[in-house]
Amino acid sequence: MGSDSEVEKSHQKEKEKERKKMLAIAPIAKPLAGKKLSKKTFKLVRKAAEHKCLKRGVKEVVKSIRRGHKGLCVIAGNISPIDVITHVPILCEEAEIPYVYVSSKEDLATAGATKRPTCCVLVLTKPTKGELAPEEQEKIKADYSQIVSDVSELTSSLF
């Protein structure tokens, strides 16, 4: 009987954490991915990190965008101060790169295989160095295409 209350308490703590995450999100974080899209996005980021198709951090992302690399930009919505990333969506729009906000920089870092919280990542469709096996390339490309279509759908519903 005591274990039921412990499970209930942990469930309440989890809900409280989720609520705090949502309160910490910046007002400019639009389009914000829902739970399902966030999960898919984190899965894509994890795959991209495994295959070295990922740029982490504001500096690397901005450099890659300016160099003309294409991909999906995933930005954390709970960055403080928000001025650190306010220029990234503008660069993405100018370069016609889809971008989406997720609720937590910690979750983004976990998906990107780093321990340090990450402001934003750029998921590239092919690695910067070397080549991928064709079947791996196709898997990443398919997931990438699915998420980009979901993000464009989400964006079109906002504007």
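Participant: Explain the overall build of the protein chain to me, and be specific about the residues and the numbers.
Facilitator: The helix and strand inventory of the protein chain stands at six helices and four strands. Listing each helix as α and each strand as β along the protein chain from the N terminus yields α-α-β-α-β-α-β-α-β-α. Against the 2.2 N^0.38 benchmark of 15 Å for 159 residues, the protein chain shows a C-alpha radius of gyration of 17 Å, consistent with a compact globule. Across its three principal directions, the C-alpha atoms of the protein chain cover 55 × 35 × 30 Å.

Participant: Describe the pattern of salt bridges, and please don't skip the residues or the numbers.
Facilitator: For the structure shown, the criterion picks out two salt bridges. K40 is paired through a salt bridge with D150; the nearest N and O atoms lie 3.3 Å apart. Within this pair, whereas K40 is found in helix α2 (residues 35–50), its partner D150 is found in helix α6 (residues 134–158), the two being separated by 110 residues in sequence. Looking at K40, the relative accessible area reads 32%, which means it is partly exposed.

Participant: Go over the confidence of the model for the protein chain with me, naming the residues and quoting the values.
Facilitator: Chain-level pLDDT for the protein chain is 87 on average; 91% of the residues reach the 70-or-more range. By mean pLDDT, helix α1 (residues 2–23) is the weakest element of the protein chain at 68, and helix α3 (residues 58–66) is the strongest at 95.

Participant: Quick rundown of the pairing of strand β3 (residues 99–102)? Include the residues and the values.
Facilitator: One face of the sheet, then the other: side chains in a regular strand alternate in exactly this way. Neither face of β3 is open: one carries Y99 and Y101, the other V100 and V102, and all of them are buried. Bridge count for strand β2 (residues 71–76) against β3 is four bridges, and the pairing is parallel. Each residue of the ladder has a partner; that of V74, found in β3, is V100. Handedness of the β2-helix α4 (residues 88–94)-β3 crossover: right-handed.

Participant: A description of the environment of D150 should follow, citing residues and the corresponding values.
Facilitator: Given a relative accessible area of 19%, D150 falls into the buried group. Considered as a pair, D150 and K52 are 98 residues apart in the sequence and their alpha carbons are 24 Å apart. Not counting the four nearest positions on each side in its chain, D150 is found in contact with L37 and K40. A polar contact is formed between the side chain of D150 and the side chain of K40, at a distance of 3.3 Å.

Conventions adopted
- Residues numbered from 1 in each chain as written.
- Predicted model: local features only at pLDDT ≥ 70, side-chain atom pairs only at ≥ 80, totals over all residues.
- Heavy atoms only, no water.
- Helix = DSSP H or I, 4+ residues; strand = E, 2+ residues; numbered from the N terminus.
- Rg over C-alpha atoms; globule rule 2.2 N^0.38 Å.
- Salt bridge = Lys/Arg side-chain N within 4 Å of Asp/Glu carboxyl O.
- Buried < 20%, exposed > 50% of the residue type's maximum accessible area, 1.4 Å probe, protein only.
- pLDDT = per-residue confidence, 0-100.
- Pairing = 2+ DSSP bridges.
- Right-handed = clockwise from strand over helix to strand, strands pointing away.
- Contact = heavy atoms within 4.5 Å.
- Polar contact = N/O pair within 3.5 Å; in protein donor to acceptor, adjacent residues only side chain to side chain.

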